[in-house]
Every structure is written in structure tokens, then in C-alpha cells.
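# Working through the structure, step by step
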Amino acid sequence: MFIPATPKEVKERGWDELDVILVSGDAYVDSSYNGSAVIGHWLIDNGYRVGMIAQPDIGSGDDITRLGAPRLFWGVSAGCVDSMVANYSATKKRRKDDDFTPGGVNDRRPDRACIVYSNLIRKHFKGAMIVLGGIESSLRRIAHYDMWSDSVRRSILFDSKADAITYGMAELSNLGIADALKNGTEWKDVKGICYASPERNKEYIEMPPFERVSADNDEFITAFRIFYDNCDPLTAKGIMQRHGDRYLIQNPPSPHLSADTLDRIYELDYENAVHPRHLKEGAVRSLETIKQSLTTHRGCYGECNFCAIAVHQGRTVISRSEDSIVREAERIASKKGFNGIIYDVGGPTANMYGIECIKKCQTGACRDKRCLYPKICERMPLDHGRQITLLDRIMNVSGVKKVFITSGIRYDMIVHDRTNGERYLDHIAGSNISGQLKVAPEHISRDVLELMGKPGRNELLKFREMFERSNEKQGKKQFLTYYLMAAHPGCYERHMEELRRFVISELGTVPEQIQIFTPTPSTFSTMMYHTRRDTDNKKNIKAEHSMQMKQRQKDILLGTKK
């Protein structure tokens, strides 16, 4: 059932008012892939009355006022993507298309959407309680570098004048705030939130203040390291950062969800459809790729330096039960119009499902080393057997004819899985890809890979050999598609020339899937981009800030440099 988005739908639920109203920069797609929909259904399942306002018109009060004022709070999100990333390319060109907007035209999501929507609410509802959520506010919760203004900006909490931020995936923190407000207890004690305070918290770690991190690169690096080292629920301390005469207070993260809770969240009453209010406005393209797809887990321990997943979803993989995933596949297959295809079975990294370090789950992520880089930790119990079983069970669901994996995979995990790595690759080559498998080496230069936190070229070549053998066994001619990156911090034009030679001579293909590095907030690579220092703050590195020269690096790889 859809979350009410109109006064009529509120009345049909038998509600006379709402406890929480969610505002999103995306069209309202009622799916577990839509964060606002997840939070809404989760709160409803816990007894709260929730409404949804998607992509409100910021030029008037008609949309934002249509459901009235919530009894407890407004939940504001820019959508599934940071609004600046959604609206601009890596070279700051305005994007024309938006897969999360009806009709596909990028004309509904404002720049810095969390700030704009919060101001819109304040304009029409004085004294409203506003809670920010989603990836935009999560990654901008401390003083952060912003590429689009080429400056260090304050926490989005202060720029939006919101009351709180629920960071990370935020089911527990949103529920905690709702429960506290309902019961008249202190909501500022809830884990997984940020709020402003005129006073320091003497028990929390103090980061260098905004005024210093915005003026001094060493202070910026120190602040970021404190931030990054306090994201794991089992080891993190509370942190704080002064902005002028106030402090940003970040409580320790929410606890990890249990597998049972994750099952419950993904089996809530989603319609897997666009809300009827949007139908006359055109199709929402993102729905086509998600309505027949399955999320198997959350989190990623790859910790690529340019990726924000480790900060937002966490470095610990939490997997759903096979039974829950199969039940969801059965529901999808029973829907009218199902074409027999499950388009994806995955998560942030598809083949991390069911594979996690026991020590990390008990005592938290290691502070002095990573799970997969520079080599795979001996404590990581690599075994793709559980994934093979899951894929077979989904394939046996009545009505399912084909099961694909389109989420990314870590090929180094397959190479080093001595138990079932080859068997897993044989399985997906034979049954779960359609002509090509996407992998993301990003680069092959040792200097650049070290700064990215990615495995070396030898791992890629070993995987390609394995993939070719799997195809021979299956009697198929399938291909690898390589995702590559230009203009990462520390990358020179000579590195791009080296990459082009390797792709053509060693991989036997022509580079096609190339992205220019985008310094999104709160990643190690963005820290390097801004400070022009490496991850350990030991040496200076090149960080290309010229849009023209970024494009030139990409053109070198494409072979179109003039």
C-alpha cells in the first residue's frame, strides 16, 4: 500500500492527522530502493502515521502544505543521490536527464535540496521540527569540501537550520526520534543523529573547528580522520565540531541491524510502483531497473577511497536470510505483468553477500588495516557457496525464467576464494549474465591504485583468465566490460596513457566506460582532492581541478585527445 501522498489517501487510512511527513527530491517510487519509502513504511509498521510529499514545487506553498503539519516532525531528504551530483556532471555541466523524475527531465530537484526544502517548510510552518536524512545530509554532516563551490562548507545542519540529521541508513534513528517525541523523552540521546548545541559534550571527541578546517589543510585532514574513524557502531565515540558559537554534536552510530530486522524492512508492504500522482507526468526510468530486482545485503568492506558507501552504509556487511529474499522473489513473480526476469540480485557489491569477518561483527572494524586492501585479510572467510545456493533457489521460484546479476562484483574476492570462487564464476557465467560482466578495476597504475585503495593489475588479469575458462566450459562467448576512472587525485596524463596501452594490448579492447572522478563529500579521495595530500598526509600529490584538464585525461584514454 502506498504511503499517503494526498489528503484523500490520509482519510482512506482512517487517520485524522499525520505524525511524520517525509519530503523527497525524488519522485515517489514505492520501493525498498527508495530511502524515503523505506523510512515511511518502517515508521508505519511501528505504529506511526506517515505522509509523503515528493518533489514539491518550491515556488509556492501548494505542495508542501497539502498534508498539513505533522504532529512530530518533518523528514527531509534530497533523494537517492546528492542533489549536486544529480544536477551536475563531474565537469560541472548541468545534467539534462534525471532517472528519478517523471518524464526524465531534470527540472524538479533544486540544487542543495535539503537546504531548499527545509527553508520551504520553515516559511509555511513556523517552529516545525525538521530532521534531515538521506545521503546528501549524511555525507555533509560535518564541515566538508564542496566541489561545486570549491570551498569547505559548514555542516548542512547549520546551513539548512534543521533540528537534526539522521545519518547512515537511519531506520533506527528515525524511529528513536519518533518514540522520544511521542513519549516526551530526550530525543537528543538517540544514536545515529547529529544536532546543534551551544555547549561542548565533555565525553565526546572534539574535531578541529570549522573555522580552522576551512583555512588549514592539515586541520581538515585531522578532522576527516576523526570523522572516518568513528563510523563503526561497535567502536565509535561521539564526536563534535565547533561552528562559530555552536557545536555540531554527532552521537555514536546506530547499532547494526540484525538479519531478522533487515528481512522485516525489505518485506514491508511496498507497491513496487510509481505513485499514481506522478503517472500523468511521465515514466520514472529508475523504476524499470529496480522493480524486478532484489537487495540481498547492506554495507561494503571494499573501502575504495572514492566511494561513500563505507561511511553511509557501513563497512560491515549485513545479509538478509535466503528465505526472506526468496519470499520477495515469489512476490515479484506473482505480480501481474511479470516477464520472468529478475534483473539483479545484489547490493553495493553483489558477491559480498553472506561473507563477513566474525571478529569484525563482534568487536568492530579494524582501525589499522582494511579487509581487502592492500591484500585480502586472512580473517575474511571467502566462500561464495551461500550465494550459489541463493541464486539456485531464486531460479527455482515459479514463474522465474532468468536471474541476472548487474550489481558490481569484487573480482579479487573470486580469485582468492579457493573453496567456491571458480564454481561461483562458472555459475554466473553460465546463468546470471547476458553477454557481458561489468567489473571496475578503475585503473592499473600502481601509483594511482594505491591512492584509490584498489587491487593491482595482476588480480584483474587472473580474473580475466578465470572468466575465459568459465566461458569455455559453458560454450559461450561473453565479455568483460571495464569501468575506468580519469582524473583521480594523484593521476597524471602519463598514467592515463599507461592505462590506454594496457587496455588495448593486455585486455584486447577499446576503452568505453570511463568516468571522471567526482569529489563527493566525505571520502578519502575528496580529502586528497581538496588538500592535495595523500591519505596519510605524508606527501604532496597532484589533484586536477581544471575541468578542461580533467576532460583531457578522459580523452587520452578514449584516444580522442587533440
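Below you will find a few notes about this structure. Model, not experiment: these values are computed from the prediction.

Rules of the game
- Residues numbered from 1 in each chain as written.
- Predicted model: local features only at pLDDT ≥ 70, side-chain atom pairs only at ≥ 80, totals over all residues.
- Heavy atoms only, no water.
- Helix = DSSP H or I, 4+ residues; strand = E, 2+ residues; numbered from the N terminus.
- Rg over C-alpha atoms; globule rule 2.2 N^0.38 Å.
- Buried < 20%, exposed > 50% of the residue type's maximum accessible area, 1.4 Å probe, protein only.
- Contact = heavy atoms within 4.5 Å.
- Areas by Shrake-Rupley, 256 points an atom, 1.4 Å probe, with all protein chains shown as cover.
- Lys, Arg positive; Asp, Glu negative; His and termini not counted.
- Charge placed at Lys NZ, Arg CZ, Asp CG, Glu CD.
- Phe/Tyr/Trp six-rings, centres within 6.5 Å; stacked < 30°, edge-to-face > 60°.
- Expected span 1.5 Å × (residues − 1).
- Pairing = 2+ DSSP bridges.
- Axes fitted to C-alpha atoms, helices over the stretch in contact; angles between N-to-C directions.
- Parallel < 35°, antiparallel > 145°, perpendicular 65-115°, else oblique.
- Left-handed = near helix turned anticlockwise from the far one by under 90°.
- Nonpolar A, V, L, I, M, F, W, Y, C, P; charged D, E, K, R; others polar.
- Core = buried A, V, L, I, M, F, W, Y, C linked by side-chain atoms within 4.5 Å.
- Salt bridge = Lys/Arg side-chain N within 4 Å of Asp/Glu carboxyl O.

What follows deals with the overall build of the protein. Check the secondary structure of the protein and you find 22 helices and 22 strands. Against the compact-globule benchmark of 24 Å for 562 residues, the protein has a radius of gyration of 23 Å, which places it among compact chains. Here the C-alpha coordinates of the protein stretch approximately 65 × 60 × 50 Å along the principal axes. When the 562 residues of the protein are sorted by exposure, 60% land in the buried category. Considering only contacts within the protein whose residues lie at least 6 apart along the sequence, 76% involve residues at least 24 apart. About 23,000 Å² of surface is accessible on the protein, with carbon and sulfur atoms providing 47% of the total. In the protein, 81 side chains carry a positive charge and 74 a negative one; their mean positions are 2 Å apart.

Bringing the packing of aromatic side chains into the picture now. Applying the stated criterion across every chain yields a total of 11 aromatic pairs. Considering the side-chain rings of Tyr411 and Phe463, the 5.7 Å spacing of their centres and the 35° angle between planes classify their relative orientation as tilted. Here Tyr411, found in helix H16 (residues 411-416), pairs with Phe463, found in helix H19 (residues 457-474); they are 52 residues apart in sequence, far enough to count as distant. Looking at Tyr411, the relative accessible area reads 3%, which means it is buried. Assessed through its relative accessible area of 0%, Phe463 is described here as buried. The rings of Phe224, Phe227, Tyr228 and Phe524 are connected pair by pair, giving a single aromatic cluster.

Let us now look at helix H13 (residues 322-334). Each α-helix turn comprises 3.6 residues. Residues three or four places apart therefore point the same way. Compared with an ideal rise of 1.5 Å per residue, which puts 13 residues at 18 Å, H13 spans 18 Å between its outermost C-alpha atoms and is within 8% of the ideal. If you check which residues of H13 are buried, you get Glu322, Ser324, Ile325, Val326, Glu328, Ala329, Ile332 and Ala333. Packing partners of the buried residues in H13 comprise helix H10 (259-266), strand S14 (293-295), strand S17 (341-342) and helix H15 (385-395).

Let us now look at the sheet that holds strand S9 (residues 193-197). In space, the nine strands of this open sheet follow the order S3-S1-S4-S5-S8-S9-S12-S11-S10, with mixed pairing throughout. The sheet terminates laterally at strand S3 (50-54) and strand S10 (205-206), the two strands that pair on one side only. Here five bridges tie strand S1 (residues 20-24) to S3, and the two strands are oriented parallel to one another. Its bridge partner lying in S3, Ser24 is registered against Ala54.

Let us now look at unusual backbone geometry. At the junction of Tyr373 and Pro374, the peptide bond is cis and its omega measures out at 5° in the coordinates. Located in the positive-phi region is Ala170, a residue other than glycine, with phi close to 75°. Structurally, Ala170 can be placed in the loop between strand S8 (164-166) and helix H7 (171-183). One non-glycine residue, Glu442, lies in the positive phi region at around 70°.

Contact pair H15 / helix H17 (residues 421-431): the axes reach a minimum separation of 9 Å and the direction vectors enclose 25°. By the criterion of interaxial angle, the relationship of H15 to H17 is roughly parallel. Crossing angle aside, the handedness with which H15 passes H17 is left-handed. Along the contact surface, H15 presents Gly385, Gln387, Ile388, Leu391 and Asp392, while H17 presents Arg423, Tyr424, His427 and Ile428. Partitioned by chemical class, the residues of the contact of H15 with H17 number four nonpolar, three polar and two charged.

Before going further, it helps to examine the nonpolar core. The nonpolar side chains of a soluble globular protein tend to be buried, and buried together. The biggest cluster of nonpolar side chains holds 154 residues, and the ones touching the most others in it are Trp74, Ile394 and Phe463. In terms of residue count, helix H9 (residues 217-228) provides more of this core than any other element does, seven residues in total. For Ile394, the contacting residues outside a window of four places in its chain are Leu294, Ile325, Val326, Ala329, Ile342, Val345, Val400 and Val403. Within the second largest apolar cluster, 12 residues are counted, among which are Tyr301, Cys371, Leu372 and Ile376.

The three strands lie next to each other as S20-S21-S22, forming an open sheet whose pairing is parallel. Bordering the open sheet on either side are strand S20 (436-442) and strand S22 (513-516), each of which pairs with just one other strand. Neighbouring strand axes in the sheet, compared pairwise and without regard to direction, differ in orientation by 25° on average. Contacts between H19 and the sheet are confined to S20 and strand S21 (479-486), with S21 contributing the most and set at about 160° to the helix.

The subject of this paragraph is the pattern of salt bridges. In the structure shown here, the tally under the stated rule is 39 salt bridges. Taking the shortest distance from any N to any O, the salt bridge between Arg370 and Glu303 comes out at 3.9 Å. Separated by 67 residues along the polypeptide, Arg370 in the loop between helix H14 (358-363) and H15 and Glu303 in the loop between strand S15 (297-298) and helix H12 (309-312) bring together distant segments of the chain. Residue Glu303 is classed as buried on the basis of its relative accessible area of 7%. Glu328 is the partner of Arg320 in a salt bridge, and the nearest nitrogen-oxygen pair spans 2.7 Å. Pair check on accessibility: Arg320 and Glu328 agree, each one buried. One salt-bridge network, in which partners are shared between bridges, spans Asp16, Glu17, Asp19, Arg49 and Arg71.

This next bit is on the pairing of S21. Most of S21 is tucked away, with six of its eight residues classed as buried. In the sheet, S20 pairs with S21 via five bridges, with the strands oriented parallel. By the bridge assignment for S21, Glu442 is matched with Leu484. Pairing analysis gives four bridges linking S21 to S22, with the strands arranged parallel. Following the sheet pairing, Tyr483 is matched in S22 by Gln513.

A few words on the packing of H13 against H15. H15 packs onto H13 with a crossing angle of 25° between their chain directions and a minimal axis gap of 10 Å. The orientation of H13 relative to H15 falls into the category roughly parallel. The way H13 lies across H15 gives a crossing that is right-handed. Along its contact with H13, which presents Glu322, Asp323, Ile325, Val326 and Ala329, the element H15 presents Arg386, Leu390, Arg393 and Ile394. Residue classes in the contact of H13 with H15 are distributed as five nonpolar, no polar and four charged.

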